[in-house]
Amino acid sequence: MAGQTVTITTPDGSFEAYQNGTGPGLVVIQEIFGINQVMRDLCDDFADQGYTAICPDLFWRMKPGVELTDKTEEEWNQAFEYMNNFDIDKGVDDIAQTIDYARRTGTGKVGAVGYCLGGLLAYLTACRTDSDATVGYYGVNIDKYLDEASKIERPLTLHIAAEDRFVAKDQQKAMIDGLEDNPNTTLFRYEGVDHAFAREGGEHYDAEAAGLANTRTRKFFQDHLG
């Protein structure tokens, strides 16, 4: 099934999202590169698994339609510039609006899954929204928001890259220590892999770790979204 562009209207304005599939809603939260082919492929894969996958354009306040790759230094520099100017709180608000859109237009429960920047946003989505089940891959700076962990009332799974270049070992320990006693949270740590180990085609893609993480994610959503 081919995906389509949809428009989500919020009190702050309207932004576009890539959507594919039918079934329970799943908000797919972008990396720092915008809605690129990687994100569309993820949505298509989740659509094949039986979900209505929706990837909102979270950079729309800065520039609608950002689409970069991880293949050139110039694009990396642009991506970091967007990330550094990104309003985290507004981004979570946009995710909440996307969840609301999914509830209005679909059937069943609505979850979320995020990667890289989206991994942090997935954690905050679990803290601040009514997402029924949430997964984050190699989120950066989660340790700075551990004071919100007590707000997590629905299932959350986090995949941690043990050799993450953007998350120091002491940050990883703080995250694990801060969340391991939360009954709604499950953390998986993958030894020997770097940030973005699940980005197929990326420099640090690790097929074994990605396969294991994706299998766990698939079962998690099957258990919690139906």
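Just so we're clear, the structure is a prediction, and the values are computed from it rather than from any experiment. (Residues numbered from 1 in each chain as written. Predicted model: local features only at pLDDT ≥ 70, side-chain atom pairs only at ≥ 80, totals over all residues. Heavy atoms only, no water.)

Engineer: So what exactly am I meant to see when it comes to the sheet that holds strand β7 (residues 156–161) here?
Structural biologist: Two strands in a sheet stick together by hydrogen bonds in their backbones, pointing the same way (parallel) or opposite ways (antiparallel). Taken in spatial order, the 8 strands make up an open sheet running β1-β2-β4-β3-β5-β6-β7-β8, and their pairing is mixed. Taken across any chain shown, the strands that pair with only one partner, and hence form the sheet edges, are β1 (4–10) and β8 (185–190). The average undirected angle you get between the axes of adjacent strands in this sheet is 20°. Strand contacts of helix α6 (residues 207–225): β3 (25–29), β5 (110–115), β6 (134–137), β7 and β8, with the helix running at about 165° to β6, the strand carrying the most contacts. (Pairing = 2+ DSSP bridges. Helix = DSSP H or I, 4+ residues; strand = E, 2+ residues; numbered from the N terminus. Axes fitted to C-alpha atoms, helices over the stretch in contact; angles between N-to-C directions. Contact = heavy atoms within 4.5 Å.)

Engineer: Sorry if this is basic, but what is going on with the packing of helix α3 (residues 88–105) against helix α4 (residues 117–128) here?
Structural biologist: For any two helices packed against each other, the geometry comes down to the angle between their axes and how far apart the axes lie. α4 packs onto α3 with a crossing angle of 65° between their chain directions and a minimal axis gap of 10 Å. In terms of orientation, α3 lies roughly perpendicular with respect to α4. Crossing hand, α3 versus α4: right-handed. Here Ile88, Asp89, Val92, Ile95 and Ile99 of α3 lie close against α4, whose contacting residues are Leu117, Leu120, Leu121, Leu124, Thr125 and Arg128. (Parallel < 35°, antiparallel > 145°, perpendicular 65-115°, else oblique. Left-handed = near helix turned anticlockwise from the far one by under 90°.)

Engineer: Sorry if this is basic, but what is going on with α4 here?
Structural biologist: A turn of α-helix holds 3.6 residues, and therefore any two residues three or four places apart point the same way. Over its 12 residues, α4 extends 16 Å from the first C-alpha to the last, a length consistent with the 16 Å expected when each residue adds 1.5 Å. Counted residue by residue, α4 has 11 buried out of 12 residues, so it is predominantly covered. The secondary structure elements touched by the buried residues of α4 are β3, α3, β5, β6, β7 and α5 (169–179). (Expected span 1.5 Å × (residues − 1). Buried < 20%, exposed > 50% of the residue type's maximum accessible area, 1.4 Å probe, protein only.)

Engineer: What is the right way to read the nonpolar core from this model?
Structural biologist: What tends to happen in soluble globular proteins is that the nonpolar side chains get buried as a cluster. By size, the foremost hydrophobic cluster in this structure holds 72 residues, and its most contacted members are Val28, Val113, Tyr115, Leu121, Tyr123, Phe197 and Phe221. For this core, the element with the most residues is α4, which contributes 8 residues. When sequence neighbours within four positions are dropped, the list of residues in contact with Tyr115 reads Val28, Ile29, Gln30, Glu31, Met39, Leu42, Phe46, Tyr137 and Tyr138. (Core = buried A, V, L, I, M, F, W, Y, C linked by side-chain atoms within 4.5 Å.)

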